[in-house]
Amino acid sequence: MLSFAKAKKLRSGENPAIWRGHLDALLPKQGKDRARGPPRRTSLQQDVRLHARTACKKRGQGARTLEFTILTGSRSGEVRGMRWREVDWASGVWTIPAERMKGARTHRVPLSSRALELLNELPKGVADELVFPGERSGRPLSDMTLSAIIKRLPPSSEWIDARSGKLATQHGFRSSFRDRVAERTDYPHEMAEIALAHTIDNKVEAAYRRGDMLEKRREMMEAWCRWCAAK
């Protein structure tokens, strides 16, 4: 507004609110964390089993989608956009094409026994149809649907993570999976990172990695499945 007034010759002098060369020398610098926004919310580790079991017992497309997301450690968008042609029943592998992956690389997910059972319970569509369709024909389930289900899960709608103080989201189950593998199992760090389809920051390690540890990850995902279902 002040710059506009100056251009119209309604005022003189520099704009006192300009950042570069003025306020940037007077005010604290903006950090990168502020630019990125708040961190991802994580779920309560001790409640993962309860929520997974509850989702399993609930009916409806949203509950099935949430359960499959938990069991595979996948991002919700990857699951919601899943199509039947991506599932190899013979090998028990779900292959997510590069164009649907955050890192733009094809990702293989070994499916646990419960994950395969869940898929078998769903109405089978043709190859290009969505596995978890929304109410509108040809459209995937919305992310808000999964969030709404989580809010309705016990112990209450005010499900707060003790560490972050934030309300949990479906993405938090990925964090819980990572914590569980690191703190309670002997599976190697890199195996969990591959399962989560994380990019390898170490360029040397990335250059030497050729495989995706598929069969070893199958064992890890089966163990995660059993732990989620345990009482």
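An unreviewed UniProt entry lists the protein under the name Site-specific integrase, with Denitromonas iodatirespirans as the source organism. Quoted straight from UniProt, the Sequence similarities (unreviewed entry) entry for the protein says "Belongs to the 'phage' integrase family."

Explanation requested: the sheet that holds strand E1 (residues 87-88) in the structure shown.
In sheet architecture, strand pairing relies on hydrogen bonds along the backbone and comes in two forms, parallel and antiparallel. Judged by pairing direction, the sheet is antiparallel, and its three strands sit side by side in the order E1-E2-E3 without closing on themselves. The strands lining the two open edges of the sheet, one partner per strand, are E1 and strand E3 (107-110). Here four bridges tie strand E2 (residues 93-96) to E3, and the two strands are oriented antiparallel to one another. Paired with Trp94 across the bridge in E3 is Val109. The strands that helix H12 (residues 214-229) touches are E2 and E3; relative to E3, the one it contacts most, it runs at about 45°.

Got a minute to help me understand unusual backbone geometry in this structure?
With glycine set apart, most residues show a phi of negative sign, and most peptide bonds adopt trans. Of note, Ala104 is a non-glycine position whose phi angle comes to about 60°, a positive value. Mapped onto the fold, Ala104 is located in the loop between E2 and E3. Here Ala197, not a glycine, exhibits a phi torsion of approximately 60°, which is positive.

Would you mind showing me how to read helix H8 (residues 143-152) here?
Because each turn of an α-helix spans 3.6 residues, side chains separated by three or four positions end up pointing in the same direction. Among the residues of H8, those classed as buried are Leu146, Ser147, Ile149 and Ile150. Angular distribution of buried residues about the axis of H8 spans 160°; they occupy a single face of the element. Exposed side chains of H8 directed beyond 90 degrees from the buried face belong to Met144 and Arg152.

For this particular structure, what's the right way to read the side chain of Arg114?
Locating Arg114 in the fold gives a position in helix H7 (residues 113-121). Within the structure, Arg114 has its side chain in polar contact with the side chain of Glu67 (distance 2.7 Å).

Conventions adopted
- Residues numbered from 1 in each chain as written.
- Predicted model: local features only at pLDDT ≥ 70, side-chain atom pairs only at ≥ 80, totals over all residues.
- Heavy atoms only, no water.
- UniProt positions renumbered as here; feature names shortened; annotations may be inferred.
- Pairing = 2+ DSSP bridges.
- Helix = DSSP H or I, 4+ residues; strand = E, 2+ residues; numbered from the N terminus.
- Contact = heavy atoms within 4.5 Å.
- Axes fitted to C-alpha atoms, helices over the stretch in contact; angles between N-to-C directions.
- Buried < 20%, exposed > 50% of the residue type's maximum accessible area, 1.4 Å probe, protein only.
- Arc of directions from axis to C-beta.
- Polar contact = N/O pair within 3.5 Å; in protein donor to acceptor, adjacent residues only side chain to side chain.

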